[in-house]
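Residues per chain are reported as follows:
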Amino acid sequence: MTKALDGVRILDFTHVQSGPTCTQLLAWLGADVIKVERPGVGDITRGQLRDVPNADSLYFTMLNSNKRSITIDSKNRTGKEVLESLIKTCDVLVENFAPGALDRMGLTWAHIQSINPRMVLASIKGFGPGKYEDCKVYENVAQCAGGSASTTGFRDGLPLVTGAQIGDSGTGLHLALGIVAALLQREKTGRGQKVTVAMQDGVLNLCRVKLRDQQRLAHGPLQEYSQFGEGIAFGDAVPRAGNDSGGGQPGRILKCKGWETDPNAYIYFITQAPVWEAICEVIGEPGWKTDPGYAKPAARLPKLNQIFARIEAWTMTKTKFEAMDILNEFDIPCGPILSMREIAEEQSLRDTGTVVEVDHPKRGPYLTVGNPIKMSDSPTEVTRSPLLGEHTDQVLRDVLGFDDRRVDEIKASGALGEFVPPRPREVSLGGDVVAVE
Ligand code: COA
């Protein structure tokens, strides 16, 4: 069966997480993704957080499925010629280097356009134009600068970063959409274009409900936040709201049976207004159905702590899965707090290809997250990540059409480097040497 992006060829100059998320997704949609890596070293994540000696880490393997790997030294003159040949034949160049790095390689937008006017140049940077535009940025920096950290956590605690990689993977997803749109537009204009997503912008886009609340603050307290019912005044910025729901239907994380020993024996419970009467029946408070102090949503807002404490007295008598079964019968929106162990073992996620087991020649079988986008006419088969430089020869010959003589010349130039096994990097911290990989 064909794939949605069959025929699209991506020159993948990405590393770490944000860019690789984007190109992995495009590969799952059928694009031919050729990942360019530095000879002997490769994407730094190959060696980071290693769990199996001398094998690519899960950090790398779970972000680089379905790609080919070619090693080229972009600062070597012949290497640059090879890259320019690839630019001629590819549709999209994706990169997430530090600001200015691509220009320093001589691959300015003007130069890329002169080589291939149909090329889409897609970039991720930490910040858009402005005072921070030259900064290097990682996930948690973006979460902080994009408004996520200041609005995550409990009111009286520190700002918190979230486990969901909204700065890296979130920005990669945004970029993938921009690339597909640019390819569609190219159908009409015949021209490529530059697509850029700043991680700060990507995070803010995912935090838009908090900018909504910032503006609502000017018109009075945020009544669905617990602190309203607790009589605590609001300041001039959106506070952290613990596990309060971000929407108009109040919700909380509540303890379930076993919470004393199981850190994930909890359920998210939403007191959706249309099923309020069913909630009252289930928890054993039928009087709240008609009591004017509880019957209408507005009357309940100042009492959320008391109401959720009563609901929790009921959820604590059930496991999270027993509570789910009962609540689902009444269409009461709720969700178990699933541990990563439970997710890894969940059969339905395996059945849909959302969690996939892949075999790898050096590390053996490993689990990865498959394509969350399901398409009826473009199925995804997840294949393992490439070894460093595994496809260098293949790409030089099959994609670029180079013959033996040219391939030998390129090898002799040093552009493909010599294989140097990656060594743990070390940093010096005030005299102490600390291994970081
Ligand atoms: N051949 C030769 N040199 C290569 C190469 C290749 N194939 N691939 C990369 N390099 C060089 C680059 O040219 C650059 O050299 P320069 O600084 O002399 O110009 C160098 O490798 C390092 O690139 P850089 O991007 O600065 O890496 P870093 O490890 O210092 O920084 C980030 C990492 C992620 C902080 C930085 O890339 C960044 O801010 N990226 C944008 C935001 C982003 O995506 N962040 C999230 C990452 S998950």
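All values reported here derive from a predicted model rather than from experimental measurement. Going along each chain's sequence as written, the residues are numbered from 1 onward. Predicted model: local features are reported for residues with pLDDT of at least 70 only, side-chain atom pairs are reported and counted for 80 or more only, and whole-chain, interface and lining totals are derived from all residues. The basis for every side-chain value is the complete set of heavy atoms in the structure, and neither hydrogens nor water enter the calculation.

### With respect to the site of the ligand
Working step 1: What surrounds the ligand is a group of 23 residues, the closest being Ile72, Ala98, Arg104, Lys136 and Val137.
Working step 2: The backbone of Ser74 places a nitrogen or oxygen atom 3.0 Å from a nitrogen atom of the ligand.
Working step 3: Under this definition, polar contacts are N or O atom pairs within 3.5 Å; protein pairs additionally need one hydrogen-donor-capable and one acceptor-capable atom, and for neighbouring residues in sequence, both atoms have to be side-chain atoms. Here an oxygen atom of the ligand and a side-chain polar atom of Arg104 are 2.8 Å apart.
Working step 4: Each accessible area is a Shrake-Rupley result for a 1.4 Å probe, and residues are judged covered by the shown protein chains and nothing else. Starting from 930 Å² of accessible surface for the ligand in isolation, the protein chains cover 85%.
Working step 5: Three residue categories are used. Nonpolar comprises Ala, Val, Leu, Ile, Met, Phe, Trp, Tyr, Cys and Pro, charged comprises Asp, Glu, Lys and Arg, and polar comprises the others, including Gly. Within the shell around the ligand, the residues separate by chemical class into 10 nonpolar, six polar and seven charged. Throughout, near means a residue has at least one heavy atom within 4 Å of the molecule or strand.

### Quick look at the layout of surface pockets
Working step 1: Only protein atoms enter the calculation, which uses a 1 Å grid: trapped sets of points that fit a 1.4 Å probe without letting it out are cavities, open sets showing protein on both sides within 12 Å along at least five of seven lines are pockets, and any residue with an atom within 4 Å of a point is a lining residue. Grid points are joined across faces, edges and corners, and a volume is the space filled by probe spheres set on the points. Its volume calculated, the second largest pocket comes out at about 970 Å³.
Working step 2: Lining the second largest pocket are 31 residues, with Met62, Leu63, Ser169, Thr368 and Val369 positioned closest to its centre.
Working step 3: In DSSP terms, a helix is any run of H or I states spanning at least four residues, a strand is any run of E spanning at least two, and both are numbered starting from the N terminus. Looking at the lining of the second largest pocket, the elements that each hand over two or more residues are α1 (18–28), α2 (58–61), α7 (169–189), α15 (340–345) and β11 (366–369).
Working step 4: Across the lining of the second largest pocket, the residue classes tally to 19 nonpolar, 12 polar and no charged.

### A closer look at the nonpolar core
Working step 1: Residues belong to one nonpolar core when they are buried, are Ala, Val, Leu, Ile, Met, Phe, Trp, Tyr or Cys, and are joined through side-chain atoms within 4.5 Å. The buried label applies to any residue whose accessible area, calculated with a 1.4 Å probe on protein chains only, is under 20% of its type's maximum; exposed applies above 50%, and partly exposed to all values in between. Membership of the largest hydrophobic core comes to 34 residues, with the highest contact counts inside it found for Ile10, Leu26, Val92, Val94, Leu175 and Ile179.
Working step 2: At the level of elements, α1, β4 (92–95), β5 (120–125), α7, β6 (194–198), α8 (199–206) and β10 (355–358) are the ones that each hand at least two residues to this core.
Working step 3: Contact between two residues is taken to exist if any of their heavy atoms lie within 4.5 Å; hydrogens are not considered. Apart from the residues lying within four places of it in its own chain, the contact partners of Ile10 are Thr23, Leu26, Ala31, Asp32, Val33, Ile34, Cys90, Val92 and Val94.
Working step 4: Core analysis: the next-biggest nonpolar cluster, separate from the first, contains 31 residues, Ile115, Met119, Leu121 and Leu416 among them.

### Let's talk about the sheet that holds strand β9 (residues 334–336)
Either a parallel or an antiparallel arrangement is found when strands of a sheet pair, and the pairing is made through backbone hydrogen bonds.
Working step 1: Strand pairing is defined by DSSP finding a minimum of two bridges between the two strands. The three strands are arranged β7-β8-β9 in an open sheet whose pairing can be described as antiparallel. Looking along the sheet, the strands with just one partner apiece sit at the ends: β7 (251–255) and β9. In this sheet, neighbouring strand axes are inclined to one another by 20° on average, regardless of whether the strands run parallel or antiparallel.
Working step 2: Across three bridges, the pairing between strand β8 (residues 266–270) and β9 is antiparallel. Directly across from Tyr268, in β9, lies its bridge partner Gly335. What counts as an axis is a line fitted to C-alpha atoms, over the stretch in contact for a helix, and the angles between N-to-C directions run from 0 to 180 degrees.

### Regarding helix α13 (residues 304–315)
Working step 1: One less than the residue count of a helix, multiplied by 1.5 Å, gives the span that helix is expected to have. Taking 1.5 Å as the rise per residue, α13 with 12 residues should run 16 Å; its terminal C-alpha atoms sit 16 Å apart, in good agreement.
Working step 2: Within the span of α13, buried status applies to Leu304, Ile307, Phe308, Ile311, Glu312, Trp314 and Thr315. When α13 is viewed along its axis, its buried side chains cluster within an angular range of 150° and face the same direction.
Working step 3: Against β7, β8, α11 (276–283), α12 (297–300) and α14 (320–329) lie the buried residues of α13. Along the arc lie the directions from the helix axis toward the C-beta atoms.

### Some points on the pairing of strand β1 (residues 9–13)
Working step 1: In terms of burial, β1 is largely enclosed, as four of its five residues are buried.
Working step 2: You can see the chain leave β1, run along α1 and come back into strand β2 (residues 32–37), and the turn it takes is right-handed. The handedness of a crossover follows from its direction of travel: if, with the strands pointing away from the viewer, the path from the first strand over the helix to the second runs clockwise, the crossover is right-handed.

### Let's talk about the confidence of the model for the protein
Working step 1: In predicted models, pLDDT denotes the confidence assigned by the predictor to each residue on a 0 to 100 scale. Averaged over every residue, the pLDDT of the protein is 94; residues scoring 70 or more account for 95%.
Working step 2: Taken as a whole, residues 424–437 scores under 50 in pLDDT and shows 19 contacts with residues more than four places along the chain or in a different chain.

### Brief notes about the packing of helix α17 (residues 392–399) against helix α18 (residues 404–413)
Working step 1: Orientation of α17 relative to α18, taken along the N-to-C sense of each, is 140°, at an axis distance of 10 Å. With respect to α18, the axis of α17 lies oblique. Between α17 and α18 lies a crossing whose hand is right-handed. Residues Asp393, Leu396 and Arg397 of α17 pack against Asp404, Val407, Ile410 and Lys411 of α18.
Working step 2: Residue composition of the contact of α17 with α18, grouped by class: three nonpolar, no polar and four charged. To sort the angles, those under 35 degrees are grouped as roughly parallel, those over 145 as roughly antiparallel, those from 65 to 115 as roughly perpendicular, and the leftovers as oblique. Handedness of a helix crossing follows the sense of rotation of the near helix relative to the far helix, less than a right angle counterclockwise being left-handed and clockwise being right-handed.

### Topic: the sheet that holds β4
Working step 1: In spatial order, the strands read β3-β2-β1-β4-β5-β6; together these six strands make up an open sheet with parallel pairing. One side of each edge strand has no neighbouring strand; the edge strands of this open sheet are β3 (67–71) and β6. Pairwise comparison of adjacent strand axes, ignoring direction, gives a mean angle of 20° for this sheet.
Working step 2: Here β1 runs beside β2; their pairing, made up of four bridges, is parallel. Residue Asp12 lies in a different strand from β2, and its bridge partner there is Lys35.
Working step 3: In the packing of α8 onto the sheet, contacts are made with β5 and β6, and the angle to β6 comes to roughly 65°.

### Focus: the pattern of salt bridges
Working step 1: The working definition used for a salt bridge is a side-chain nitrogen of Lys or Arg within 4 Å of a carboxyl oxygen of Asp or Glu. Taken as a whole, this structure holds 28 salt bridges when the rule is applied.
Working step 2: One salt bridge connects Arg384 with Glu390, and the closest N-O pair in it is separated by 2.7 Å.
Working step 3: The class for Arg384 is partly exposed, based on a relative accessible area of 25%.
Working step 4: Taking the shortest distance from any N to any O, the salt bridge between Asp393 and Arg397 comes out at 2.8 Å. Within this pair, Asp393 and its partner Arg397 are both found in helix α17, separated by four residues, close to a single helical turn.

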